[in-house]
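# Understanding the architecture of this molecule
Residue strings, one per chain:
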Amino acid sequence: MTEARIQTWNKRSRRKFLGEAAVAAAAIVAAPSVVKAQGPVSMRWQSTWPSKDIFHEFALDFAKKVNDMTGGDLKIEVLPAGAVVPAFGLLDAVSQGTLDGGHGVLVYHYGKQTALALWGSGPGFAMDANMLLAWHKYGGGKELLAKLYDSIGANVVSFPYGPMPTQPLGWFKKPISKVEDIKGLKFRTVGISIDVFTGLGAAVNALPGGEIVAALDRGLLDAAEFNNASSDRVLGFPDVSKICMLQSYHQNAEQFEVLFNKTKYDALPDQMKAIITNAVEAASQDMAWKAIDRYSKDYLEMQTQDKVKFYKTPEAILKRQLEVYDEVVKKKAAENPLFREVLESQLAFAQRATRWEQDTVVSRRLAFDHYFGPDGAAKKI
């Protein structure tokens, strides 16, 4: 082979090599961008909350986190309750694919599978909502929840998140001083609390959040509970009642639920699923921080501007709630093996976790009294 032919062959080989390298590089660059090649994934969601409720704001906060973290590759639009289906119809709508996902609470599915209400409806066996979420993630709750949804044929993927503070006993026409004061009241609540308040003698009506105040105003209800100072205020509770009883065991450890249609979720790339999982946890903590800020402001303003009077629920009522709750869950566990399985798992985790908490976490009451005193006036330092 002459030198000229050798040079020509080398040039052709070099061009071929560079061409193949460019194709390979392009393939490597394109590999993580499967979603971009297909275009962004759009999801239509609905919350179980009115648009003015802070809970709907929490739903929008979660969607924004996902939308931002995926760089727009996943776009979640969240509609308020009733936009597509009624609030209590969310699970069916998501499972059937009428909606791609939703934001609500597990206790709203009580009629489908009673054990679902154990994620938040009750005293939490001395756990708060954050501890119950710890059980869910690390104590077997996640696996049990998937099992429960399978048992009712729900085509969904569920992410409990967003620990709620202890909820008030509710709004009344006059302060409740003894258990007998609850008897005969037309009362709104949801989940296992339906059975607890029925056991306390109330006539219970489970209504979505957006319907409660109107029912109170029209006399269809004598009393009701919903959730927190911000939600209760914006929904108009102070317009129909000036008496709110604080502290209760009926929903001491509740959290929210992010719900995906399983078929839609399973079709997402693994990287996007990882983003969703981490967005759930980020939104969970952000919600808890926002709640402390907003709930405390609205609690103060309801006292100063709306002239609402708050009372602590008497200990006798709290003790009776626990007794009735034990009776209710014992009956449910006997009727439903899955209910018993969840119950036993929670009790085992709670016994360990709450013992650790009670032994190691200092009570903040002494520090509160030291700095602010019984009248709430700040101490000068």
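Note: the structure precedes this text.
Let me begin by describing the structure that accompanies this report.

Basis of the calculations
Residues numbered from 1 in each chain as written. Predicted model: local features only at pLDDT ≥ 70, side-chain atom pairs only at ≥ 80, totals over all residues. Heavy atoms only, no water. Patch = residues over 30% accessible without salt bridge, like charges linked within 9 Å, V, L, I, M, F, W, Y side chains within 5 Å. Areas by Shrake-Rupley, 256 points an atom, 1.4 Å probe, with all protein chains shown as cover. Salt bridge = Lys/Arg side-chain N within 4 Å of Asp/Glu carboxyl O. Helix = DSSP H or I, 4+ residues; strand = E, 2+ residues; numbered from the N terminus. Buried < 20%, exposed > 50% of the residue type's maximum accessible area, 1.4 Å probe, protein only. Axes fitted to C-alpha atoms, helices over the stretch in contact; angles between N-to-C directions. Parallel < 35°, antiparallel > 145°, perpendicular 65-115°, else oblique. Left-handed = near helix turned anticlockwise from the far one by under 90°. Contact = heavy atoms within 4.5 Å. Nonpolar A, V, L, I, M, F, W, Y, C, P; charged D, E, K, R; others polar. Right-handed = clockwise from strand over helix to strand, strands pointing away. Pairing = 2+ DSSP bridges. Phe/Tyr/Trp six-rings, centres within 6.5 Å; stacked < 30°, edge-to-face > 60°.

### With respect to a nonpolar patch on the surface
There is a patch of nonpolar side chains on the surface, built from Phe368, Tyr371, Phe372 and Ile381 and spanning about 450 Å² of accessible area. Among the secondary structure elements, Ile381 is positioned in the segment after α15 (365-372). Given the relative accessible area of 90%, Ile381 is considered exposed.

### A few points about unusual backbone geometry
A positive phi angle, close to 55°, is found at Phe125, a residue other than glycine. The residue Phe125 is located in the loop between β3 (101-104) and α5 (129-138) in this model. On the basis of relative accessibility, which here comes to 18%, the residue Phe125 falls in the buried class.

### Here's the deal with the packing of α5 against helix α14 (residues 337-360)
In the contact formed by α5 and α14, the axes pass within 10 Å of each other and the chain directions differ by 125°. On the basis of their axis angle, the class for α5 and α14 is oblique. With respect to the hand of their crossing, α5 and α14 are arranged in right-handed fashion. Note on element contacts: α14 touches α5 through Val342, Ser345, Gln346, Phe349, Ala353, Thr354 and Glu357, opposite Met131, Leu132, Ala134 and Trp135.

### Brief notes about the environment of Gly209
In this structure, Gly209 sits in the loop between β7 (203-205) and α8 (212-217). Separated by 17 residues in sequence, Gly209 and Phe226 place their C-alpha atoms 6.7 Å apart. Excluding its chain neighbours within four sequence positions, the residues that come into contact with Gly209 are Tyr108, Arg188, Phe226 and Leu235.

### Considering the packing of helix α7 (residues 192-199) against helix α13 (residues 315-335)
Orientation of α7 relative to α13, taken along the N-to-C sense of each, is 125°, at an axis distance of 9 Å. Between α7 and α13, the angle falls in the class oblique. In terms of crossing hand, the pair formed by α7 and α13 is right-handed. Contact residues: α7 offers Ile192, Asp195, Val196, Phe197 and Gly199, while α13 offers Gln321, Val324, Tyr325, Val328 and Lys332. Here the contact of α7 with α13 is built from residues that sort into six nonpolar, two polar and two charged.

### Concerning the side chain of Lys332
Checked against the element boundaries, Lys332 lands in helix α13. Given the relative accessible area of 14%, Lys332 is considered buried. Sequence-distant contacts of Lys332, defined by excluding residues within four places in its chain, comprise Tyr110, Asp195 and Phe339.

### Topic: the pairing of strand β1 (residues 41-47)
Taken across its seven residues, β1 has five buried, putting it largely inside the fold. In this fold, the crossover linking β1 to strand β2 (residues 74-79) by way of helix α3 (residues 54-69) has right-handed handedness. Both β1 and β3 contribute to a ladder of three bridges, which runs parallel. When the bridges of β3 are listed, Ser47 appears paired with His103.

### Notes on the packing of aromatic side chains
One pass over the structure, following the stated rule, counts 25 aromatic pairs. A ring pair is formed by Trp119 and Trp135, whose centres lie 5.1 Å apart and whose planes are at 50°; its orientation type is tilted. Highlighted residues: Trp119 in the loop between β3 and α5 and Trp135 in helix α5, separated in sequence by 16 residues. When sorted by exposure, Trp119 lands in the same class as Trp135, which is buried.

### Examining the sheet that holds β3
The strand order across the open sheet formed by five strands is β2-β1-β3-β10-β4, and the pairing between neighbours is mixed. Two strands close off the open sheet at either side, each with one partner strand: β2 and β4 (156-163). Neighbour to neighbour, the strand axes of the sheet diverge by 20° on average, direction disregarded. Pairing of β3 with strand β10 (residues 255-261), which is carried by four bridges, proceeds in the antiparallel orientation. Note that in β10 the partner of Gly104 across the bridge is Glu257. Each of β1, β2, β3, β4 and β10 is contacted by α3, which is oriented at about 170° to β2, the strand it contacts most. Here α5 sits on the sheet in contact with β4 and β10, set at roughly 145° to β4.

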